[in-house]
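# Secondary and tertiary structure notes
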Amino acid sequence: QVQLVESGGGLVQAGGSLRLSCAASGRTLSGYRVGWFRQAPGKERQFVASMRWSTGTPRYADSVKGRFAISGDNAKTTVYLQMNSLKPEDTAVYYCAARSSYGGSVYEGASYPYWGQGTQVTVSS
C-alpha cells in the first residue's frame, strides 16, 4: 500500500510558478512510476507528467511540455512538479498517483492504483 500526500497548491497570477510536492508515507517510491494528473471543473481527468526512478525518463502532456518539470528527491520519497509560465487553463485540482513500473499506459489514470487527495491550483488572468 502506498499513501501519497500532495502539497504546494495555491493561487498564482498568469506567468507565475508553483512547485507541487507528492510525499509517500512509510516507504520509498523507487520501485514505482509516479504520475501527476489534473482535473478541472466539468472536465475529465488529464495526464500531466510521469517519471520512473529507474530510468529517470519523464513523460509530459503536450500542453505542459517546456513549462512543467517532474523530478524526485534523493531519498526517493517525494516527487515534485515544478510549474512555470502558468496559464489560466492550468487551473485544476492536481493529483499525484503511483503504480508499479510496468503495466498499462502511463498516460491513463486507470493504470495507477494509488492516489493522493489532490491540491488545488488556481491561475488568475
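Above: the structure in question.
Quick summary incoming for the structure in this document. (Residues numbered from 1 in each chain as written. Predicted model: local features only at pLDDT ≥ 70, side-chain atom pairs only at ≥ 80, totals over all residues. Heavy atoms only, no water.)

### Brief notes about the pairing of strand β11 (residues 119-124)
Covered by surrounding structure in β11 are T119, V121 and V123 only, the residues Q120, T122 and S124 on the alternate face being uncovered. Bridge count for strand β9 (residues 92-100) against β11 is three bridges, and the pairing is antiparallel. Following the sheet pairing, V93 is matched in β11 by Q120. (Buried < 20%, exposed > 50% of the residue type's maximum accessible area, 1.4 Å probe, protein only. Helix = DSSP H or I, 4+ residues; strand = E, 2+ residues; numbered from the N terminus. Pairing = 2+ DSSP bridges.)

### Thoughts on the pairing of β9
Bridging between strand β4 (residues 32-39) and β9 involves eight bridges; their strand directions are antiparallel. What sits directly across from W36, in β9, is C96. Where β9 lies against strand β10 (residues 114-115), two bridges are found, and the strand directions are antiparallel. For A98, the partnering residue across the bridge sits in β10 and is Y114.

### Side note on the pattern of salt bridges
When their charged atoms lie close together, side chains carrying opposite charge are able to pair. Summed over the entire model, instances satisfying the criterion amount to three salt bridges. Between R38 and D90 there is a salt bridge whose closest N-O contact spans 2.9 Å. Remark: D90 occurs in the loop between β8 (78-83) and β9 and R38 occurs in strand β4; sequence separation between them is 52 residues. Given the relative accessible area of 6%, R38 is considered buried. Under the relative-accessibility criterion, D90 is labelled buried at 0%. A salt bridge links D90 to R67; the nearest nitrogen and oxygen atoms lie 2.7 Å apart. Of this pair, D90 sits in the loop between β8 and β9 while R67 sits in the loop between β6 (59-60) and β7 (68-72), placing them 23 residues apart in sequence. (Salt bridge = Lys/Arg side-chain N within 4 Å of Asp/Glu carboxyl O.)

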